[in-house]
Structure formats: C-alpha cells, structure tokens
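Spelled out, the chains give:
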Amino acid sequence: MRLALAVLAFALVCLPAHAQEALSVPIPPLTAEAINSADISAIPQLYAPPAEPIDPAMPANRHPDPSVVRLQVLLDRAGASPGVIDGFDGDNVRKAVLAFELMRGLPPDGALDPEVLSALETGGPVIGDYAIIADDLNAIGEPIPRDYAEQAKRKFLGYASIEESLAERFHMDIDLLKALNPGAGYTVGAPVYVAAYGPDLEGEVVRIEADKSLRQVRAYGADDRLIAAYPATIGSEENPSPSGTHIVEGVAPMPEYTYNPKINFQQGENTEVLTIPPGPNGPVGSMWIDLSEPTFGIHGTPVPSLIDKTGSHGCVRLTNWDANELAKMVKPGVPVDFVG
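Residues numbered from 1 in each chain as written. Predicted model: local features only at pLDDT ≥ 70, side-chain atom pairs only at ≥ 80, totals over all residues. Heavy atoms only, no water.

1. Regarding the packing of aromatic side chains
Point 1. Enumeration over the complete set of coordinates arrives at six aromatic pairs.
Point 2. For the ring pair Y148 and F265, a centre distance of 6.3 Å and an interplane angle of 70° mean the geometry is edge-to-face. One end of the pair, Y148, is in helix 8 (residues 148-151); the other, F265, is in the loop between strand 8 (257-259) and strand 9 (274-276), and 117 residues separate them in sequence.
Point 3. Given a relative accessible area of 12%, Y148 falls into the buried group.
Point 4. Arranged with centres 5.9 Å apart and planes meeting at 70°, the rings of Y259 and F265 form a pair that is edge-to-face.
Point 5. Judged by relative accessible area, Y259 falls into the buried class, the value being 0%.
Point 6. The class of F265 is buried, set by a relative accessible area of 12%.
Point 7. Cation over ring: R207 sits above Y220, and NZ or CZ is 4.1 Å from the ring centre. (Phe/Tyr/Trp six-rings, centres within 6.5 Å; stacked < 30°, edge-to-face > 60°. Helix = DSSP H or I, 4+ residues; strand = E, 2+ residues; numbered from the N terminus. Buried < 20%, exposed > 50% of the residue type's maximum accessible area, 1.4 Å probe, protein only. Lys NZ or Arg CZ within 6 Å of the ring centre and 35° of its normal.)

Here it is in structure tokens:
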C-alpha cells in the first residue's frame, strides 16, 4: 500500500496544472437535475491536456462540472473525503479515489476505471433541498476580522453569512452553493439545493497516518482496515510538521486558540500573547485533536477551500467537517504516524 501511495504522489506532482481546466466536450448547465442525472463514467473522457496552454488569468475557462460534483459527493459518502465539494477535478479528488480503492480492496492506482465507478455509484440523487429555519439565520454574526488582536475582542468566531454556514454544513464550496441557488433569498422556509453527503462515519480508529508527501490523513480500524481518508495541509517549509509517532492526548470541540508569537509564529504586528475565542472561523476551526508533541495537533480551518493548497504552521489542518468526523472516532492513546 505504501508503494501505491508513493506512485500516486508522483502522479499528482507530474499532473499538468492545466489538465483539470481543459474540457474536450461542453459542460451541461450546473443544476440540481444535471448533477443528479450525471454520468460519472464520462469523467475520464472529460479532462484531457489542451492543445495550447490555458491563460490562468481567464477564470471563465473553469466551470464546475455536474459529473464531478456527483463524484465528489459519492466519495464523501464512502469515507474518502475530496475536501470541499466544488465540481472541479484535482489532487484532492484523485487522492480520494485512491483511498476508496484501498477501502474496497481494488487495485490502488487512482484511476477511475469501470470497476471503481461501479463500486462508487449508488444511484439516486446526490443533491437535495434544505428548508432554512430561524435558528440558521439567528446564528449569523458579524464579519470576522483577519487581525488576531481584533479577533481576541470577540466572544465567538461564528459564520458571517447564511451562505457560509450552509456551505460548510453540507461540505460545499460557497461558490457552488451560490451557483446552485441563483437568486435565492435565504429566508425562513425557503428551500435551497445542497449536497446530500450522508451521515458522518462511525467506527473506532486505532491508528492514524499523516502522510506529508501525499498530503492526506488516513484513519485505520483494529483490523488495519482503512476507515477514512481526508485531504490535509501538513506543515510547510518554514514550519514543518513533526516526524515519527505521536499520541492523541485529547479532543476539544470549539477550542480557544492561544496565540504566542514566541512559540509559533507572528501574525502582523501582534507581539503579545492573545486568547482567540472559539468558533468555526477561529484559527484552528471547530475542532482540536491534541497530540503528545507540544503545541501540535490535528485541527479544523476557517477556510476549507485552501486545504492542501497552502502551508500550515506545523500542525495538521483538515476541513472542519473532516476534523469533527475524525474526532468522534478517536480516543486518547491513538498513535499518529507522520510518514512521507
């Protein structure tokens, strides 16, 4: 299995940056109906290197694809998280496909071959509707300042818009949510289209791997069966993550964050120790899984779309929903192996 992961890591590095943007056939309109009726077997034929490089300054070349949205929801349901569901092919999707193959005992090559597609496709809709309730709107607060000193003045760092709240609850990129609901008023009782990702996984995790080269966290059960896999940001060149094996010491939902520039990093002009209040938009998101290595942990993030796209300050960063799911399946004493 380690060899398969190393092969995929190499393939991801060698994947042309423009490959996910070049479409050989027109993309159908992005609607709930188009996603629910999409054929995921068409995905391998949709994406191919273009004849000429695409201008990166032309965002109009990128359009969420209904079949990729469907694929992402199906992977999420299966425990192979693609990160944010956004309708774009990319590294996180391909890593999720490999994880799904490992879970199902299929050849671990990361390819969307007929056997993989057949095992993934469960039939039925992957986009449903949700009716907004008063509590959804009442929980929305003020915009979150970027400066830690300003954040420290707040009592809670919650969601600043109903769109942000719904996107995170249903594992979606906020732009995809808006695209599926053009002109939505987001009022009480109003239905909105959301990803029907399914319930959180259940199980007992006895071992975790944090793969630095593949940028993925993998959770294993007692029989060394792969239970779940999540795309991750694991350290950076300036602030590398630890090596070796460390132990889960505890789980803290909605944690406060102690900012200490003398120990970790300095943000802007903040040179004093600050206590940042809890909330999904806090620096470590809505969950902290504490490790035996001082100051290090597995945690959430206020910006899920950047998972595996920017570095961290040494810790292991997941989307809030992935960190929350993993936290429910771990207990103190679980080893975390940093590999790769």
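Don't stop here, the text continues.
2. Some remarks on the sheet that holds strand 6 (residues 233-234)
Point 1. A sheet is described by the order of its strands in space; here nine strands give the open sequence 5-4-3-13-7-10-11-12-6, paired in mixed fashion. Either end of the sheet is taken by a strand with one partner, and the two such strands are strand 5 (226-231) and strand 6.
Point 2. As defined by bridge partners, strand 4 (residues 216-220) adjoins strand 5 across five bridges and the pair is classed as antiparallel. The partner of V217 across the bridge, within strand 5, is Y230.
Point 3. Docked against the sheet, helix 11 (residues 320-329) engages strand 3 (207-211), strand 4, strand 5, strand 7 (244-253), strand 10 (287-291) and strand 11 (297-299), running at close to 150° with respect to strand 5. (Pairing = 2+ DSSP bridges. Contact = heavy atoms within 4.5 Å. Axes fitted to C-alpha atoms, helices over the stretch in contact; angles between N-to-C directions.)

3. A short note on the pairing of strand 3
Point 1. Buried residues dominate strand 3, accounting for five of its five residues.
Point 2. Going residue by residue along strand 3, you find R207, E209 and D211 tucked away on one face and I208 and A210 tucked away on the opposite face as well.
Point 3. The sheet contact formed by strand 3 and strand 4 spans five bridges and is antiparallel. Considered in strand 4, the bridge of D211 is made with Q216.
Point 4. Connecting the antiparallel pair strand 3 and strand 4 is a turn made up of four residues, with R215 showing a positive phi of about 60°.
Point 5. As defined by bridge partners, strand 3 adjoins strand 13 (residues 335-339) across four bridges and the pair is classed as parallel. Within strand 13, the position partnered with D211 by the bridge is V339.

4. Thoughts on unusual backbone geometry
Point 1. The phi angle at H171 is positive, at roughly 65°, despite the residue not being glycine.
Point 2. Of the residues examined, H171 reaches a relative accessible area of 5% and is grouped as buried.
Point 3. A positive phi is found at D224, a non-glycine position, where the angle reads about 60°.

5. Concerning the confidence of the model for the chain
Point 1. Residues of the chain with pLDDT of at least 70 account for 84%, and the chain-wide mean is 87.
Point 2. Considering each helix and strand of the chain separately, the mean pLDDT is smallest for helix 1 (residues 2-14), with a value of 47, and largest for helix 11, with 98.
Point 3. For residues 10-24, every residue scores under 50 in pLDDT, and the model assigns this stretch 27 contacts once sequence neighbours within four places are set aside.
Point 4. Per-residue pLDDT stays below 50 along residues 47-60; that stretch engages in 18 contacts with residues further than four places along the chain or on separate chains. (pLDDT = per-residue confidence, 0-100.)

6. Here we look at the side chain of N320
Point 1. Among the structural elements, N320 can be located in helix 11.
Point 2. Here N320 falls in the buried class, since its relative accessible area comes to 1%.
Point 3. Here the side chain of N320 touches E168 through a polar contact of 2.6 Å, side chain to side chain.
Point 4. N320 has contacts with E168, P280, G285, S286, G300 and T301, leaving out every residue within four places of it along the chain. (Polar contact = N/O pair within 3.5 Å; in protein donor to acceptor, adjacent residues only side chain to side chain.)

7. Here we look at helix 11
One turn of an α-helix holds 3.6 residues; hence residues three or four places apart share an orientation.
Point 1. Counting buried residues in helix 11 gives eight out of ten residues, a clear majority hidden from the surface.
Point 2. Those residues of helix 11 that sit buried are N320, W321, D322, A323, E325, L326, A327 and M329.

8. What to know about the pairing of strand 7
Point 1. Judged from the four bridges that link them, strand 7 and strand 13 form a sheet pairing that is antiparallel. By the bridge assignment for strand 13, T245 is matched with D337.

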